[in-house]
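Coordinate analysis (summary)
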Amino acid sequence: GLELSHCVGANSLGPAVSWRSGGPCKMKRVRTVFKPEQLERLEQEFLKRQYMVGTERVDLAATLHLTETQVKVWFQNRRIKWRKQSMEQKAAKLSQFGVIQPATADSTDIKDHEEDTVDVEL
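So, how was this worked out
Residues numbered from 1 in each chain as written. Predicted model: local features only at pLDDT ≥ 70, side-chain atom pairs only at ≥ 80, totals over all residues. Heavy atoms only, no water. Helix = DSSP H or I, 4+ residues; strand = E, 2+ residues; numbered from the N terminus. Expected span 1.5 Å × (residues − 1). Buried < 20%, exposed > 50% of the residue type's maximum accessible area, 1.4 Å probe, protein only. Contact = heavy atoms within 4.5 Å. pLDDT = per-residue confidence, 0-100.

In this model helix H3 (residues 68-96) runs 42 Å from its N-terminal to its C-terminal C-alpha over 29 residues, within 8% of the 42 Å that 1.5 Å per residue would give. Where H3 is concerned, the buried positions are Val71, Trp74, Phe75, Arg78 and Arg79. Turning to H3, the residues buried within the fold contact helix H1 (36-48) and helix H2 (54-64).

Relative to the helices and strands, Val71 is located in helix H3. In this structure Val71 comes out as buried when scored by relative accessible area, which is 0%. The spatial distance from the C-alpha of Val71 to the C-alpha of Arg57 is 6.9 Å, given a sequence separation of 14 residues. The contacts of Val71, once residues within four sequence positions are left out, are Leu42, Arg57, Leu60, Ala61 and Leu66.

Looking now at unusual backbone geometry. At His65, a position not held by glycine, the phi torsion is positive, near 60 degrees. Among the structural elements, His65 can be located in the loop between H2 and H3. Relative accessible area serves as the criterion here: at 71%, His65 is assigned to the exposed category.

Across the protein, the average pLDDT comes to 76, with 61% of residues at 70 or higher. In the model, residues 9-14 has pLDDT below 50 throughout and makes two contacts with residues more than four positions away in sequence or in other chains. Across residues 107-122, where pLDDT falls below 50, the model places eight contacts with residues more than four positions away in sequence or in other chains.

What follows is the structure, given as structure tokens:
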């Protein structure tokens, strides 16, 4: 399962303390640190396919000594990174041709922009 660190409180060096009086202890999940060999294999698999499901994910997790959840979340995060990189590359290509992207747009909101045309009947 997931490892949890000590309670999060005002004094992180002291004993586990509830962050509010009488309230439950607030637990924080420890971030998974992948070994270089694990990352290399995960990246190789991602290049083959962006979605890892079912027995493929179970087998890969066992091979890398990770949980199935860790592999699933790694692939989810990697797809987000891949989409962001794709959008940035697309924006860079458009800027080379003088097409201006809206500065306030979130990377998930960037879409193909077409020139607005107005039909006028004479």
